[in-house]
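Take a look at the letters that make up each chain.
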Protein chains: 2
Amino acid sequence: MNTINRMDIDQLATSQLNSINQRYTTNRRKIIGILQEATKPITINQILESNSDLAQSSVYRNLAVLEQAGLVVRIITNEDHAHYELAEHILDHHHHIICSPCGEILDFHLSAKIEKALEESLQKIADEFGFSIDRHRLDLLGTCGDCTE
Amino acid sequence: MNTINRMDIDQLATSQLNSINQRYTTNRRKIIGILQEATKPITINQILESNSDLAQSSVYRNLAVLEQAGLVVRIITNEDHAHYELAEHILDHHHHIICSPCGEILDFHLSAKIEKALEESLQKIADEFGFSIDRHRLDLLGTCGDCTE
DNA sequence: GTAATAATGAGAATCATTCTTATTATAGGA
DNA sequence: TCCTATAATAAGAATGATTCTCATTATTAC
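The model shown is predicted, which means the values in this text are computed figures rather than measured ones. (Residues numbered from 1 in each chain as written. Chains lettered and ligands numbered in written order. Predicted model: local features only at pLDDT ≥ 70, side-chain atom pairs only at ≥ 80, totals over all residues. Heavy atoms only, no water.)

**Quick notes on the domain arrangement of chain A**
All names here are of chain A.
Step number 1: If you check the domain split of chain A, you get domain 1 (1-92) and domain 2 (93-149).
Step number 2: Taking only C-alpha atoms into account, the centre of domain 1 sits 21 Å from that of domain 2.
Step number 3: Around 1100 Å² of area is buried between domain 1 and domain 2 when both sides are counted, 52% of it from carbon and sulfur atoms.
Step number 4: In terms of surface lost to domain 2, no three residues of domain 1 exceed K40, E88 and D92, which account for 37% of the buried area on that side.
Step number 5: Where domain 1 meets domain 2, there are one salt bridge.
Step number 6: Where domain 1 meets domain 2, there are six residue pairs in polar contact (both at pLDDT 80 or more). (Domains from an automatic or database assignment. Buried area = accessible area lost by both parts, 1.4 Å probe. Salt bridge = Lys/Arg side-chain N within 4 Å of Asp/Glu carboxyl O. Polar contact = N/O pair within 3.5 Å; in protein donor to acceptor, adjacent residues only side chain to side chain.)

**Digging into the protein's contact with DNA strand C**
Step number 1: Not every one of the 18 residues close to DNA strand C is listed here, only the nearest: Q22, T25, S58 and R61 of chain A together with Y60 of chain B.
Step number 2: The sugar-phosphate backbone supplies 71% of the atoms of DNA strand C found within 4 Å of the protein.
Step number 3: Between R23 of chain A and DNA strand C, the recorded distance is 3.2 Å, taken from a side-chain N or O atom to a sugar or linking oxygen.
Step number 4: Contact between DNA strand C and S58 of chain A: a phosphate oxygen at 2.7 Å from a side-chain N or O atom of the residue.
Step number 5: Of all the secondary structure elements, the ones that give two or more residues to the surface near DNA strand C are α2 (26-38) and α4 (56-68) of chain A together with α4 (56-68) of chain B.
Step number 6: With four residues, the single largest contributor to the surface near DNA strand C is α4 of chain A. (Near = heavy atom within 4 Å. Helix = DSSP H or I, 4+ residues; strand = E, 2+ residues; numbered from the N terminus.)

**Quick word on the protein's contact with DNA strand D**
Step number 1: In the neighbourhood of DNA strand D, 18 residues make up the surrounding shell, with Y60 of chain A together with Q22, T25, S58 and R61 of chain B lying closest.
Step number 2: Taken together, the sugar and phosphate atoms account for 74% of what DNA strand D places within 4 Å of the protein.
Step number 3: Contact distances for DNA strand D include 3.2 Å between a phosphate oxygen and a side-chain N or O atom of R28 of chain B.
Step number 4: Contact distances for DNA strand D include 2.7 Å between a phosphate oxygen and a side-chain N or O atom of S58 of chain B.
Step number 5: Sorting the residues of the surface near DNA strand D by element identifies α4 of chain A together with α2 (26-38) and α4 of chain B as the ones contributing at least two each.

**Digging into the interface of chain B and chain A**
Step number 1: Contacts between the two partners involve 36 residues from chain B, matched on the other side by 36 residues from chain A.
Step number 2: Contact with chain A buries area across many residues of chain B, yet F131, R137 and L141 of chain B alone supply 22% of it, more than any other trio.
Step number 3: For the pair chain B and chain A, the interface holds two salt bridges.
Step number 4: Where R137 of chain B meets D139 of chain A, a salt bridge forms, and the shortest distance between an N and an O atom there is 2.9 Å.
Step number 5: On inspection of chain B and its partner chain A, the count reaches 10 residue pairs in polar contact (both at pLDDT 80 or more).
Step number 6: Counting residues per element, the ones that place at least two in the side of chain B that touches chain A are β4 (95-99), β5 (105-108), α5 (112-129) and β6 (132-143) of chain B.
Step number 7: Take the side of chain B that touches chain A: its biggest share by element is 12 residues, from β6 of chain B.
Step number 8: Here the residues of the side of chain B that touches chain A are counted per class, giving 20 nonpolar, 10 polar and six charged.
Step number 9: Relative to β6 of chain B, strand β6 (residues 132-143) of chain A runs antiparallel, the two being bridged by 11 bridges. Looking at the pairing, R137 of chain A lines up with D139 of chain B of β6 of chain B. (Contact = heavy atoms within 4.5 Å. Nonpolar A, V, L, I, M, F, W, Y, C, P; charged D, E, K, R; others polar. Pairing = 2+ DSSP bridges.)

**Digging into the pairing of β6 of chain B**
Step number 1: With four bridges joining them, β4 of chain B and β6 of chain B adopt parallel strand pairing. Looking across to β6 of chain B, one finds that I98 of chain B is bridged to L141 of chain B.

**Describing the layout of surface pockets**
Step number 1: Its boundaries defined by the atoms lining it, the largest pocket holds a volume of some 620 Å³.
Step number 2: Those elements that place two or more of their residues in the lining of the largest pocket are β2 (72-75), β3 (83-86), β4 (95-99) and β6 of chain A together with β4 and β6 of chain B.
Step number 3: Considering each element in turn, the lining of the largest pocket owes the most residues, six residues, to β6 of chain A.
Step number 4: Looking at the lining of the largest pocket residue by residue, the classes come out as 11 nonpolar, 11 polar and 10 charged. (1 Å grid on protein atoms, 1.4 Å probe; cavity = no way out; pocket = protein on both sides within 12 Å on 5 of 7 lines; lining within 4 Å. Points joined across faces, edges and corners; volume = space filled by probe spheres on them.)

**What to know about the relation of the copies chain B and chain A**
For the pair of chain copies, the relating transformation is a rotation about an axis with a translation along it.
Step number 1: Superposing chain B onto chain A requires a rotation of 180 degrees together with a translation of 0.0 Å along the rotation axis, leaving an RMSD of 0.1 Å. Here the two chains are linked by the operation of a two-fold rotation axis. Residues of chain B ranked by C-alpha distance from the rotation axis are headed by L138 of chain B, positioned 2.2 Å from it.
Step number 2: The share of interface residues of chain B whose copies in chain A are also at the interface is 100%, consistent with both copies meeting through the same surface. (Least-squares fit on C-alpha atoms with pLDDT ≥ 70 in both.)

**Some points on the sheet that holds strand β3 (residues 83-86) of chain B**
All names here are of chain B.
Step number 1: Here we have three strands laid out as an open sheet, ordered β1-β3-β2, and antiparallel in their pairing. With one partner strand each, in any of the chains shown, β1 (42-43) and β2 (72-75) form the two edges of the open sheet.
Step number 2: Note: β2 against β3, four bridges, orientation antiparallel. Within the sheet, the bridge partner assigned to R74 lies in β3 and is Y84.
Step number 3: Its contacts with the sheet put α2 on β1, β2 and β3, and the angle it makes with β3 is roughly 90 degrees. (Axes fitted to C-alpha atoms, helices over the stretch in contact; angles between N-to-C directions.)

Right under this line is the structure:
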């Protein structure tokens, strides 16, 4: 998991940003770096805390650009703040386990077998509805060990 | 699906609201009725459009109460507005297919077999993470037929 | 280098949602 | 049936995450 290294990410980022006529600037590189180190989805406040050089408005703007470029995914939960993480072709396909009390989000993987069976079912369903699928997401909502105590 | 009738819902609503010391008022009954007729998750604006008697602030407040009572579920997507629908013990367990361009949300059902396999996998994963599961949600994101044309 | 264009950052603006408060409705006891 | 205590309502104000504006700074192409 996440065997892709920094050099490869930079190359990917440059090429995907270029394809939408955007540059891979210093700020964008910083944000990608912070997301890569985070190993789990984080909020904009957490990004700002890890690098005080970044302006809030720039982080909002750049995350939107990085999302358009397909490099970053925005995760919406019932929390006040959105969470962000690197796109699945950089990490790998996975799902989220969310602690409702504290808002923490962690990644998990389904077994290849279940994942495949699920994808086949979903494709059939999309066909029935006349939808073209972009992606699916599966969240597990509950309470983490720390919040139970 | 959704074989429960209005009388049963009213009874359920009364009992679940009472258990958190809340009343099943006229406004709350109206909101439940609108959600039942909608057959798919709708926004607060859509609720206000179906009944001009309701004050916006009351709808917000009452949906929060109905959600606490476990009668209503709030659905968050990337859209600006949250969507609401009746809880799964009133409808039945299902998932959502979401059109990203227009924001429409429809319900779908997984085959019992896949659903069961999935739930078993998720239980194992929750155990590994030391989480207690509340529920899971599965969304299919894509583009509906109308938005493709 | 220089001009043209894009990105930045500070703060203002937006807008869904939540909060406040005076008014109205409801339930339970006398 | 009337009181009284308490809950719900509705109108608008307040909040706060996110988006927008625009003057300044950086980058690219020639």
